[in-house]
Amino acid sequence: MAIKMIKNRVKLSIIVNIIFFGVFAIFVFHSKASPAFLNKVDDLAEATNIVSNGSRDRKVIALTFDDGPHPIYTNKILDILKEYNVKATFFILGKHGELYPELLIRQNQEGHEIGIHSYNHINMKKEKKEVVEEEFNKTQQIIFSKTGRKAQVFRPPYGTYNQTVYDIAVKNQCKIVLWTYYQDSKDWSNPGTDKIVETVISQARNGDIILFHDHNEASENQTIEALKEIIPDLINKGYKFVTISELLKQE
Ligand SMILES: [Zn+2]
């Protein structure tokens, strides 16, 4: 009898451990997979004003480029997009937009969307409201003065935000746009063209938001080379590339 009880206890303890470590593993996996995961402990992620993908029902994908514009790399990327008649979204830094306004004009003229990243690439979660607001407004002003349009999309640096950042986005009728967690190309880390291509192509799904950078000297050529493979491949598979605002349009 005693042995049976001990056996049952051991069984119970094994089951409890499996459940505990299972839940723990899921938690760790998600927190690694999505940098914005920790925000999900707030109610913020429930808000529809924060997006990391579009509708899964339409065969559309959004390419996004952060930190530009850059006088060489952004132009090269725009050339590729033009060649395939593909529209994308550029989350710019205000300070780079100020230096290279002709690129904002070109992006706008060629049908791409320009969004706000920040002025100086600050971590907005760690800054006072006044600083966040100034970074946002200065960048918005640069976009508006060069294109005559106000940005409707906003990606805070590192994908981190809090209530203050969220409120500023809402006040300015901007959506906070993250990226689909498995579509972080990590091009900034110089992983190799093949790796970038594989990451994006092997997991591509309807509604994905793919993250690239157009102002990272170390990896820019890899980003450009990867785009030359990714775009025709996904077009052949029937995907259409759209801006974020187009991706989020309700049918
Ligand atoms: Zn960035």
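Use the structure listed above.
Residues numbered from 1 in each chain as written. Predicted model: local features only at pLDDT ≥ 70, side-chain atom pairs only at ≥ 80, totals over all residues.

A. Broad picture of unusual backbone geometry. Across the junction of Gly68 and Pro69, the peptide omega takes the value 0 degrees, indicating a cis bond. Structurally, Pro69 is set in the loop between strand E2 (60–66) and helix H2 (73–83). Positive phi, close to 55 degrees, is recorded for Asn85, a residue that is not glycine. Note that Asn85 resides in the loop between H2 and strand E3 (89–93). (Helix = DSSP H or I, 4+ residues; strand = E, 2+ residues; numbered from the N terminus.)

B. Main features of the environment of Ile209. Locating Ile209 in the fold gives a position in strand E7 (residues 209–213). Considered as a pair, Ile209 and Leu63 are 146 residues apart in the sequence and their alpha carbons are 6.2 Å apart. Other than its neighbours up to four places away in sequence, Ile209 contacts Ser52, Asn53, Ala62, Thr64, Val177, Trp179, Thr180 and Gln183. (Contact = placed C-beta atoms within 7 Å.)

C. View of helix H7 (residues 193–203). Of the positions making up H7, those classed as buried are Thr193, Ile196, Thr199 and Val200. Angularly, the buried residues of H7 cover 140 degrees about the axis, an arc narrow enough to put them on a single face. Among the exposed residues of H7, those oriented more than 90 degrees off its buried face are Asp194, Ser202 and Gln203. (Buried ≥ 20, exposed ≤ 12 C-beta atoms within 10 Å, placed from the backbone. Arc of directions from axis to C-beta.)

D. Representation of the nonpolar core. Counting 53 residues, the largest nonpolar core has Ala62, Ala88, Ala151, Phe154, Val177 and Ile210 as its most contacted members. At five residues, helix H8 (residues 220–236) tops the list of elements feeding residues into this core. (Core = buried A, V, L, I, M, F, W, Y, C linked by C-beta atoms within 7 Å.)

E. Broad picture of the packing of helix H4 (residues 101–109) against helix H5 (residues 129–147). Where H4 contacts H5, the axes come no closer than 9 Å and their chain directions differ by 65 degrees. Overall, the two elements H4 and H5 adopt an arrangement that is roughly perpendicular. Seen from above, H4 lies across H5 with right-handed handedness. Between H4 and H5, the residues in contact are Pro101, Leu104, Ile105 and Asn108 and Ile143, Lys146 and Thr147, respectively. Broken down by class, the residue content of the contact of H4 with H5 amounts to four nonpolar, two polar and one charged. (Axes fitted to C-alpha atoms, helices over the stretch in contact; angles between N-to-C directions. Parallel < 35°, antiparallel > 145°, perpendicular 65-115°, else oblique. Left-handed = near helix turned anticlockwise from the far one by under 90°. Nonpolar A, V, L, I, M, F, W, Y, C, P; charged D, E, K, R; others polar.)

Function-wise, these values are silent; they only describe arrangement.
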